[in-house]
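Chain by chain, the residues run as shown.
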Amino acid sequence: MEQQPLLEMKHISKGFPGVQALDDVDFEVYPGEIIGFLGENGAGKSTLIKILSGVYVKDAGTIWFNGRNISPQSPQEAQSLGISTIHQELALIPYLSVAENIFLNREPRWVFGMVDFRRMNQEAEALLHDLGADIPGRKMVRELNVAGQQMVEIAKAVSQNARLILMDEPTSALSGKEADALFTLIRRLQGRGVAVVFVSHRLDEVRQIVERVVIMRDGRRVGTLPIAEASEEKIIRLMVGRDVGLFPKEQADIGEPVLELRHVSGENGVANVNLTVRKGEIVGLAGLIGAGRTELARLICGVDKMVQGEVLVDGRAVHIKSPKDAVRQGIGWVPEDRKQHGLVLGMDVQDNTTMTILQRISNLLGAVKNKEAKRIAAEYVQTLSIATPSLGQTVRHLSGGNQQKVVLAKWLSMGPKLLIMDEPTRGIDIGAKAEFHALMSRLAQQGMGILMISSEMPEIIGMSDRVVVMCQGRITGEFADGRFDQEEIMTCATQFLTVDGEPLLTKEYIGEDENG
Ligand SMILES: Nc1ncnc2c1ncn2[C@@H]1O[C@H](COP(=O)(O)OP(=O)(O)OP(=O)(O)O)[C@@H](O)[C@H]1O
Ligand SMILES: [Mg+2]
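Engineer: What's the story with the overall build of the chain in this structure? I'm lost.
Structural biologist: Looking only at helices and strands, the chain features 17 helices and 22 strands. Relative to the 2.2 N^0.38 estimate, which gives 24 Å for 516 residues, the radius of gyration of the chain is 24 Å and therefore close to what a compact globule would have. Projected onto its principal axes, the C-alpha positions of the chain cover 70 × 60 × 50 Å. The burial tally for the chain puts 47% of its 516 residues in the buried class. At a minimum sequence separation of 6, the contacts of the chain that also span at least 24 residues come to 68%.

Engineer: Looking at this model, I keep getting lost on the sheet that holds strand β2 (residues 19-29). Mind explaining?
Structural biologist: The strands making up a sheet associate through hydrogen bonds between their backbones, and the pairing can be parallel or antiparallel. The strand order across the open sheet built from four strands is β2-β1-β4-β5, with neighbouring strands paired in antiparallel fashion. Across the chains shown, the open sheet's two edge strands, defined by having one partner strand only, are β2 and β5 (68-70). Averaged over all neighbouring strand pairs, the angle between strand axes comes to 30 degrees, with direction disregarded. The sheet contact formed by strand β4 (residues 60-65) and β5 spans three bridges and is antiparallel. In the sheet register, Phe65 faces β5, and the bridge partner there is Arg68. Strand contacts of helix α1 (residues 45-52): β1 (7-16) and β2, with the helix running at about 65 degrees to β2, the strand carrying the most contacts.

Engineer: I'm lost on unusual backbone geometry in this one. Help?
Structural biologist: Excluding glycine, residues mostly have negative phi values, and the peptide bonds linking residues are mostly trans. With phi around 50 degrees, His263 is a residue other than glycine that occupies positive phi space. The topology assignment puts His263 in strand β11 (residues 257-266). A positive phi angle is found at Ser385, which is not glycine, with a value near 40 degrees. Of note, Ser385 is situated in the loop between α13 (370-383) and α14 (400-412).

Engineer: How should I be thinking about the packing of helix α4 (residues 117-130) against helix α5 (residues 146-159) in this particular structure?
Structural biologist: Packed helix pairs are specified by the crossing angle of their axes together with the interaxial distance, meaning the distance between the axes. Their axes nearest at 9 Å, the elements α4 and α5 cross at an angle of 105 degrees. If you check the angle between α4 and α5, you find them roughly perpendicular. Of α5, the residues touching α4 (which contributes Ala124, Leu127 and Leu128) are Met151, Ala155, Val158 and Ser159. The residue inventory of the contact of α4 with α5, partitioned by class, reads six nonpolar, one polar and no charged.

Engineer: I keep staring at the site of ligand 1 and nothing clicks. Help me out?
Structural biologist: Phe16, Asn41, Ser46, Ser399 and Gly401 are the nearest of the 20 residues found near ligand 1. Breaking the shell around ligand 1 down by element, the ones donating at least two residues are β2, α1 and α14. Of the residues belonging to the shell around ligand 1, the class tally is six nonpolar, twelve polar and two charged. Residue contributions to the shell around ligand 1 reach at least three from each of two domains, namely domain 1 (7-240) and domain 3 (346-413).

Engineer: Is there a simple way to explain the pairing of β11 in this structure?
Structural biologist: Two faces belong to every sheet, and in a regular strand the side chains alternate between them. As defined by bridge partners, β11 adjoins strand β12 (residues 273-278) across five bridges and the pair is classed as antiparallel. The residue bridging Glu260 from the neighbouring strand is Thr276, located in β12. Pairing of β11 with strand β14 (residues 306-313), which is carried by six bridges, proceeds in the antiparallel orientation. Considered in β14, the bridge of Glu260 is made with Leu312.

Engineer: Sorry, what's going on with the domain arrangement of the chain here?
Structural biologist: Interfaces are often described in size by the accessible area the parts lose on coming together. We note that the domain assignment places domain 1 (7-240), domain 2 (244-330 + 416-516) and domain 3 (346-413) within the chain. Contact with domain 1, which involves twelve residues of that partner, is made by twelve residues of domain 2. When grouped by side-chain class, the residues that make up the side of domain 1 that touches domain 2 number five nonpolar, five polar and two charged.

Engineer: Is there a simple way to explain the nonpolar core in this structure?
Structural biologist: When a protein is soluble and globular, its nonpolar side chains tend to lie buried together. In terms of nonpolar packing, the biggest core is built from 72 residues, with Ile420, Ile450, Met452 and Val469 touching the most fellow members. Looking at which element gives the most residues to this core, the answer is α14, with six residues. Looking at which domains feed residues into this core, each of domain 2 (244-330 + 416-516) and domain 3 (346-413) supplies at least three. When residues no more than four places from it in sequence are discounted, the contact partners of Ile450 are Ile282, Leu419, Met421, Met440, Leu443 and Ala444.

Engineer: When you look at the pairing of strand β3 (residues 34-39) in this model, what are you seeing that I'm missing?
Structural biologist: Among the six residues in β3, six count as buried, and that is most of the element. Burial of the side chains of β3 extends over both faces: Ile34, Gly36 and Leu38 are buried on one face and Ile35, Phe37 and Gly39 on the other. By the bridge criterion, four bridges tie β3 to strand β8 (residues 195-199) in an arrangement that is parallel. When the sheet's bridge partners are listed, Phe37 is paired in β8 with Val199. Both β3 and strand β9 (residues 212-217) contribute to a ladder of five bridges, which runs parallel. Looking at β9, one finds that Phe37 is bridged to Val214.

Cut-offs used in this document
- Sequence order as written defines the numbering, with residues in each chain counted from 1.
- Chains carry letters from A onward and ligands carry numbers from 1 onward, assigned in written order.
- Per-residue local features are limited, in this predicted model, to residues with pLDDT of at least 70; the limit for side-chain atom pairs, both in listing and counting, is 80 or more; totals at the level of whole chains, interfaces and linings are taken over all residues.
- Starting at the N terminus, helices and strands are each numbered in turn, a helix being any DSSP run of H or I of at least four residues and a strand any DSSP run of E of at least two.
- Radius of gyration: over C-alpha atoms. The globule rule applied is 2.2 Å multiplied by the number of residues raised to the 0.38 power.
- Burial in this document is a count-based property: other C-beta atoms within 10 Å of a residue's C-beta are tallied, and the residue is buried at 20 or more, exposed at 12 or fewer, or partly exposed in between, with C-beta positions derived from the backbone.
- Here, residues touch in the contact sense if the C-beta positions derived from the backbone fall within 7 Å of one another.
- Here, a strand pair is defined by DSSP locating no fewer than two bridges between the strands.
- The convention used is that axes are lines fitted to C-alpha atoms, helices contributing only their stretch in contact, and that angles between N-to-C directions extend from 0 to 180 degrees.
- Any angle that falls under 35 degrees is termed roughly parallel, while one over 145 is termed roughly antiparallel, one within 65 to 115 roughly perpendicular, and all others oblique.
- Each residue receives one of three labels: charged for Asp, Glu, Lys and Arg, nonpolar for Ala, Val, Leu, Ile, Met, Phe, Trp, Tyr, Cys and Pro, and polar for the others, Gly being one of them.
- Each residue receives a C-beta atom placed from its backbone. It is near a molecule or strand if this atom lies within 6 Å of it.
- Where each domain starts and ends follows an automatic or database-derived domain assignment.
- In these notes, a nonpolar core means any group of buried Ala, Val, Leu, Ile, Met, Phe, Trp, Tyr and Cys residues linked to one another through C-beta atoms within 7 Å.

Quick look at the structure:
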C-alpha cells in the first residue's frame, strides 16, 4: 500500500514486573483497513491495544496517528483523538441504562440543558438496530447477558465517530448470527474510511473479515501476511512456533451414569429436562446463546432454584441447594463468566488454584499446608501451561486466556466426578485450545463425566461422545454414535424460534418424550 498509514507505532516496548509484554514492536494500520491481530494467550495483544487506548503508558517507542505524534494518557484522550476501543473485559456501568451508557457525558439535551431521555433512547435504539440487536434503550445494562453488553459497547464506539476502532476479542461472546451482524457493520464502517484492528482467537472468522494479519509471539511481532497468503496452518505455525492438531478426542470407556436429570424444571426457564452424563463421557450441549444451557448448569450447581424434577448423582437422589452442595457431590463448574464466578481477581495463582481444596490440604489445626498447596498449584501451572511469572502473581494481571486456565485448574484440583464446562475454550488461543481438548479427552479416559456447553460447532462435533441440543430452556434434539450433522443440530437449536411469527426453520417438531 502506497498510502500514508493512519497509525504508525514504532519500537514500542512495555514491561510489567517479571514480564516483558511488548518488546520493540512496530505496528501500522492504513485508513479503512481491517487488520487481524493474532497471537497466543499472553503474546501482548491486549497490552498494545491498551497503550493505544490510553489505559497503559508505553515504556519506549513512538506513535503517529493521523500525521501527529501522540501519547494518549487516558481513554478519554484516545477517544478525542478518534481511537475507540472495545476491550476484552466489558467496561459498561451496570446500574445505568443502555442509552445512558452509550451517550455517557454526551447526552442529547434540550435547549435548556436537561437530558432529552426520549431522544437519547431513540438514538440508542437506532444505533443498536443498525447492529442487528433490538435492545430497549431504557433497559439496565446489568439485565443484559454478555452478548447484549458487548453489543452496547460496540454501539457506543460506533457513535463516537472513531477513525480507528480497536476490538479486543469482540466476538468471543457473540452467537454466529450476532457475529455476522458485527461483520456487516465492520464492512460498513470500512466504507466510511474507518479502520478496525480485530483481535480474535477464531481463525475462521478472522479470515472472513480481515485483509491482513499481524502475528505476535512472546511480546514480539513475528509475522505479517496478506490474508490471501495466510493459510490457517501458516498462521498457527507463526503463532505457536510448531504444528498443532485440533480435536484430539480419544476413545474412553463409557460407564455408569454419574449425573441423571429427570424432568428437571427451574425458575430460570429450564423446562422438563431429561439428561444423563456417564463416566468417561463427554456430552456436548449445543444451542444458540440464550438457549438455556447456562441456566441448566446453574440449576445443577444449585445457583438457581429448581422447581420440579429429580437429580441423581452416581444413581442416588440428591438435593443440591447451593454451589457448596454441588462441590460436596463432586460436581465442578467452570462458568462462562470467569470474572464473576470463577476467580478472585485480587488473589494469586496459587490461592485461586487451591481454593476448592483448602480443607483437604489443611492440617489438623486448620492451617493450609503451604508446601502442598504450592506443589499442587505448580503442577497445574505446568500441565495447563499457564503463562505466569510466578505462583504469587495476582490473577488480575494474567492475560485473558491464562485466567481461564486458572479457573480450570481450580476445579480440576478438586478431582470432580462431573465437570460442567461452559464455553471452555472461549478466548483461548489455538495452541492452548488443542491442549485443553487433549486434557478433556484424558480426563474422560480417567472416568470423569464432562458436560460441555459450547457455541462452537466444530468443538461440539469434534469433542462430544453425544450431543444434546437445547432451545428456549428445553431439549430439542439428541445425537449419538458420531452421527453429528451440523445442519440438523442447527435445526434443533432454532426449533422454537420465530421471525415475525414464522418459524425460523421449518422441520417437524421433535417431541419432548423422545428424549427420555
Ligand atoms: N497490568 C499487568 N501487570 C502485570 N502483568 C501484566 C499486566 N497486563 C498484562 N500483563 C502480562 O503481559 C503479558 C501480555 O499480556 P496481554 O494481556 O497483552 O496478552 P494477550 O495477547 O492479550 O493474551 P490473551 O489472548 O490471553 O488475551 C502477559 O504475560 C500478562 O500476564
Ligand atoms: Mg488479551
